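Residue-level structure breakdown
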Amino acid sequence: MENENSKIGIIGAGHIGGNAARLFVKAGRRVVISNSRGPETLDELVGELGDNASAGTVEAARDFGDIVFVSIPLFAYKELPTDGWEGKIVVDSNNYYPERDGQIAELDEGTTTSSEMLGQHLRGARIVKAFNTIWFEHLRSQGDTDLPLEDRRVIFMAGDDSEAKEAVARLIEDIGFAAGDTGFLHDGGLMQQPGTPLYNKDLKGSDARKAIAAGA
Ligand SMILES: NC(=O)c1ccc[n+]([C@@H]2O[C@H](COP(=O)([O-])OP(=O)(O)OC[C@H]3O[C@@H](n4cnc5c(N)ncnc54)[C@H](OP(=O)(O)O)[C@@H]3O)[C@@H](O)[C@H]2O)c1
């Protein structure tokens, strides 16, 4: 049944965005997916995804989504439009890899986080940092909706808007994972960065809760 968060806009159609699209469609959500090169380059993917998916521009994906899933190399985030995000729930899967993204002084100094930078750019968006610690092959293959939540791999999320986190938690559960809340966007986001104890770890149930409580 269609609910208020059933429409997902996706920005970035690569390893994470493409596989997330497959999982969201399988879970009964509708998606509009976009990349940097334009919708015409996504024919093959949307053909595979079927009737509940179409390709669009970045702006079309933003406008379509009750939830907008942003999954691009961090260096490109300033290419995204700054307007049109008011009230949108935005999932930020982007990670900071200096060797790919270049050195970003504020991140190196620890005065802010990549998700807060994205939030400042996408004015009015309700940012939830999530899907950052799971490798795309595991995202593609490890979800299992038949398992009870306690036995599912946890996908971590952080954010300052509890209603937005609830919506993202439902999305995570609909694709066969369990949601693990690491807290507010700044501190909870720091726990999900490359190299942290949560990063690329297959954690479930009480192990995931213990890792969060330990401040990972
Ligand atoms: N790979 C993983 O396992 C993994 C896991 C967790 C988090 N992450 C993080 O998630 C993000 C995406 O990773 P990925 O591996 O999916 O990357 P990827 O395979 O390289 O795909 C990147 C996608 O972003 C699109 N893109 C780039 N610049 C854009 C722009 N200005 N506007 C719209 N779309 C743009 C690209 O479109 P074009 O091809 O048309 O340029 C491409 O579809 C990264 O920040 C990464 O660090 C990755």
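Thresholds, definitions, all that
- Residue positions are counted from 1 within each chain, in the order its sequence is given.
- In keeping with the predicted nature of the model, local features appear solely for residues at pLDDT of at least 70, side-chain atom pairs appear and are counted solely at 80 or more, and the whole-chain, interface and lining totals rest on all residues.
- Note that water and hydrogens are dropped before the side-chain values are worked out from all heavy atoms of the structure.
- A strand pair is defined by DSSP finding two or more bridges across the two strands.
- Each helix corresponds to a stretch of at least 4 residues labelled H or I by DSSP, and each strand to a stretch of at least 2 residues labelled E; elements are numbered beginning at the N terminus.
- Under this scheme, a helix contributes an axis fitted over its contacting stretch, all axes are lines through C-alpha atoms, and angles between N-to-C directions fall in the 0 to 180 degree range.
- When a residue's accessible area, from a 1.4 Å probe over protein chains only, is under 20% of the maximum for its type it is buried; when over 50% it is exposed; and in between it is partly exposed.
- Definition used for salt bridges: Asp or Glu carboxyl oxygen within 4 Å of a side-chain nitrogen of Lys or Arg.
- Whether a residue is near a molecule or strand depends on its heavy atoms: it is near if one of them lies within 4 Å of it.
- Within 3.5 Å is the distance limit for a polar contact, defined as a pair of N or O atoms, with the added protein rule that one can donate a hydrogen and the other accept it, and that residues adjacent in sequence qualify only through two side-chain atoms.
- Shrake-Rupley sampling with a 1.4 Å probe provides the accessible areas, and residues are treated as covered by the protein chains on show and by no other component.
- The rule is short: rings of Phe, Tyr and Trp, with Trp giving its six-membered ring, pair when the centres are within 6.5 Å, and they are stacked under 30 degrees, edge-to-face over 60, tilted in between.
- Over a ring means this: the NZ of a Lys or the CZ of an Arg is within 6 Å of the ring centre and within 35 degrees of the ring normal.

1. Some details on the sheet that holds strand 6 (residues 126-130)
Pairing within the open sheet is mixed, and its 8 strands lie in the order 3-2-1-4-5-6-7-8. Looking at strand neighbours, the two that pair on one side only are strand 3 (53-55) and strand 8 (178-183), the edges of this open sheet. In this sheet, adjacent strand axes meet at a mean angle of 25 degrees when their direction is disregarded. Two strands pair when backbone bridges link them, and strand 4 (residues 67-70) and strand 5 (residues 89-92) are joined in this way by 4 bridges, in the parallel orientation.

2. Details of the environment of L198
Within the secondary structure, L198 is located in the loop between helix 9 (185-190) and helix 10 (205-213). On the accessibility criterion, L198 (0% relative accessible area) is buried.

3. Topic: the pattern of salt bridges
Under the criterion given, the structure shown has 13 salt bridges. Between D101 and R100 there is a salt bridge, and its shortest N-O distance comes to 2.9 Å. We classify D101 as buried; its relative accessible area is 10%. Here E163 makes a salt bridge to R126, at a shortest N to O gap of 2.9 Å. With E163 in helix 8 (residues 162-174) and R126 in strand 6, the pair connects residues that are 37 residues apart, well separated along the chain. When its relative accessible area of 56% is taken as the criterion, E163 is described as exposed.

4. Looking at the site of the ligand
Close to the ligand lie 26 residues, the nearest being H15, S36, R37, I72 and E79. At 3.2 Å, a side-chain N or O of S93 approaches an oxygen atom of the ligand. Between the ligand and N95 there is a distance of 3.2 Å, counted from an oxygen atom to a backbone nitrogen or oxygen. Summarising the interface, the protein chains cover 82% of the accessible area of the ligand, which totals 900 Å² for the free molecule.

5. Comments concerning the packing of aromatic side chains
Under the counting rule described, the total for this entry stands at 4 aromatic pairs. Taking the centre distance of 5.0 Å and the plane angle of 80 degrees together, the rings of F69 and F131 count as edge-to-face. Note that F69 is positioned in strand 4 and F131 in the loop between strand 6 and helix 7 (136-142), a separation of 62 residues in sequence. Summarising the aromatic geometry, the rings of W135 and F136 are spaced 5.6 Å apart at their centres and angled 70 degrees between planes, so their arrangement reads as edge-to-face. Residue W135 is classed as partly exposed on the basis of its relative accessible area of 44%. Three or more aromatic residues link up through ring pairs in this structure, and these residues are F24, F69 and F131. Above the ring of F64, the side-chain terminus of K7 is found at 5.4 Å from the ring centroid. When the ring centre of F184 is taken as reference, the NZ or CZ atom of K165 above it lies at 5.9 Å.

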